[in-house]
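For reference, the chains in residue letters:
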Amino acid sequence: MKSLKHLFENNLTWANGIKKDMPDYFEDLSKRQQPEFLWIGCSDSRIPAERVVGLKPGELFVHRNIANLVVHSDMNLLSVLQYSVEVLKVKHVIICGHYGCGGVIASMKKAQFGLVDNWLRYIRDVYQGNHEELDKITDKNKRTDRLVELNVMHQVKNLCHTSIVQNAWHQSQPLTVHGWVYSLASGLLNDLNCCISDQTQLDHMYHLKPEA
Ligand code: CO
């Protein structure tokens, strides 16, 4: 007996609908992918990455985790990054957070949530690094929203500190890292204007030499 029957029915309707208009669609797409963009977003179910930016299957490589973090020891994220930069040669990496992020909200609380606290610690560190600015914001929601933005900006830098990104730049491969925040309430994206596209924009401490 097939479980989740309605999802299989939805799938059949979807696939048949596309094939009706474009008979070769799936066969063509199965041969290759050439996405120009890597999207690193939150796992939140309310943000359908491709649809938010109007892209089709094959146009957006996607990695998602709780609160869109870039952790330099996360083999999962690093593997996605390496493949998308070195093999797919994406031109842009978009780190997209969202206002009202549950992970960010949880990181601001004293309560324990179990295993996930170890992951949320990275956001707590972002708060600590910016506590002078954040503590001044009396409205709790506004303070959360600002931490969402600061978290994205921090992750943009984290991504650029990897050898994967810096080696791409050393090889004159065009690669820009962007920081955006999505509003669940409006469906609109906010560009934080914190793009980084070469090593000179990084603190000297994080500069890596080209691979020998
Ligand atoms: Co979230």
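In this text the structure is predicted, and so the values were computed from the model without any measurement.

Asks: Report on the overall build of the protein chain, specifying residues and quantitative values.
Replies: Of regular secondary structure, the protein chain possesses 9 helices and 5 strands. In sequence order, the secondary structure elements of the protein chain are arranged as α-α-β-α-β-α-β-α-α-α-α-α-β-β. Referenced to the eigenvectors of the C-alpha coordinate spread, the extents of the protein chain come out at roughly 60 × 45 × 30 Å. Taken over 212 residues, the protein chain has a buried fraction of 39%. Considering only contacts within the protein chain whose residues lie at least 6 apart along the sequence, 64% involve residues at least 24 apart. Only carbon and sulfur atoms are counted for the fraction: they give 53% of the accessible area of the protein chain, which is about 13000 Å².

Asks: Explain the environment of valine 87 residue by residue, including any values.
Replies: Residue placement: valine 87 occurs in helix H4 (residues 75-87). In sequence terms valine 87 and glutamine 34 are 53 residues apart; their C-alpha atoms lie 9.9 Å from each other.

Asks: Give me the sheet that holds strand S5 (residues 189-191): which residues, what numbers.
Replies: Within a sheet, neighbouring strands are paired by backbone hydrogen bonds and run either parallel or antiparallel to one another. Strand order across the open sheet formed by 5 strands is S2-S1-S3-S4-S5, with mixed pairing between neighbours. The open sheet is flanked by strand S2 (60-65) and S5, the only strands paired with a single partner. Taken pair by pair, the neighbouring strands of this sheet meet at an average axis angle of 25°, ignoring direction. In this sheet, S5 lies alongside strand S4 (residues 176-182) in antiparallel orientation, the contact comprising 3 bridges. Bridging from a neighbouring strand, tyrosine 182 pairs with leucine 189 of S5. Running at roughly 170° to S2, H4 makes contact with strand S1 (37-42), S2 and strand S3 (92-98) of the sheet. Packed on one face of the sheet, helix H8 (residues 140-160) meets S1, S3, S4 and S5 and runs near 160° to S4.

Asks: Residue-level account of helix H9 (residues 163-170), with values.
Replies: The buried count for H9 comes to 6 of 8 residues, which makes it a mostly enclosed element. The complete set of buried residues in H9 reads Ile164, Val165, Gln166, Asn167, Ala168 and Trp169. Against H4 and H8 lie the buried residues of H9.

Asks: Talk me through the packing of H4 against H9; I want residue IDs and the actual numbers.
Replies: The contact between H4 and H9 brings their axes to 9 Å, and the two run at 15°. Between H4 and H9, the interaxial angle falls into the category roughly parallel. Both H4 and H9 take part in a crossing whose hand is right-handed. Contacts between H4 and H9 pair Leu78, Leu81, Gln82, Val85 and Glu86 from the former with Ile164, Val165 and Ala168 from the latter. In terms of residue class, the contact of H4 with H9 is made up of 6 nonpolar, 1 polar and 1 charged.

Asks: Please set out the coordination of the cobalt ion residue by residue, giving values where relevant.
Replies: For the cobalt ion, every protein donor is listed as Cys42 (SG), His98 (NE2) and Cys101 (SG), and the spread of their distances is 2.0 to 2.3 Å. All donors to the cobalt ion come from one chain, and their sequence spacing reads C-x55-H-x2-C. With a gap of 56 residues between them, cysteine 42 in strand S1 and histidine 98 in strand S3 connect regions that are remote in the sequence. Of the two residues, cysteine 42 and histidine 98, both sit in the buried class.

Asks: So what's going on with the pattern of salt bridges? Residues and values would help.
Replies: Evaluated as defined, the whole model comprises 6 salt bridges. Linking lysine 5 and glutamate 9 is a salt bridge whose minimum nitrogen-to-oxygen distance equals 3.2 Å. Placement of both lysine 5 and glutamate 9 in helix H1 (residues 5-21) is noted, with a separation of 4 residues, approximately one turn of the helix. A single salt-bridge network, built from bridges that share partners, covers Glu133, Arg146 and Glu149.

Conventions adopted
- Residues numbered from 1 in each chain as written.
- Predicted model: local features only at pLDDT ≥ 70, side-chain atom pairs only at ≥ 80, totals over all residues.
- Heavy atoms only, no water.
- Helix = DSSP H or I, 4+ residues; strand = E, 2+ residues; numbered from the N terminus.
- Buried < 20%, exposed > 50% of the residue type's maximum accessible area, 1.4 Å probe, protein only.
- Contact = heavy atoms within 4.5 Å.
- Areas by Shrake-Rupley, 256 points an atom, 1.4 Å probe, with all protein chains shown as cover.
- Pairing = 2+ DSSP bridges.
- Axes fitted to C-alpha atoms, helices over the stretch in contact; angles between N-to-C directions.
- Parallel < 35°, antiparallel > 145°, perpendicular 65-115°, else oblique.
- Left-handed = near helix turned anticlockwise from the far one by under 90°.
- Nonpolar A, V, L, I, M, F, W, Y, C, P; charged D, E, K, R; others polar.
- Donors = N, O, S within 2.8 Å, 3.2 Å for Na, K, Ca; no water.
- Salt bridge = Lys/Arg side-chain N within 4 Å of Asp/Glu carboxyl O.

Everything listed is a geometric property; what it means functionally is a separate question.
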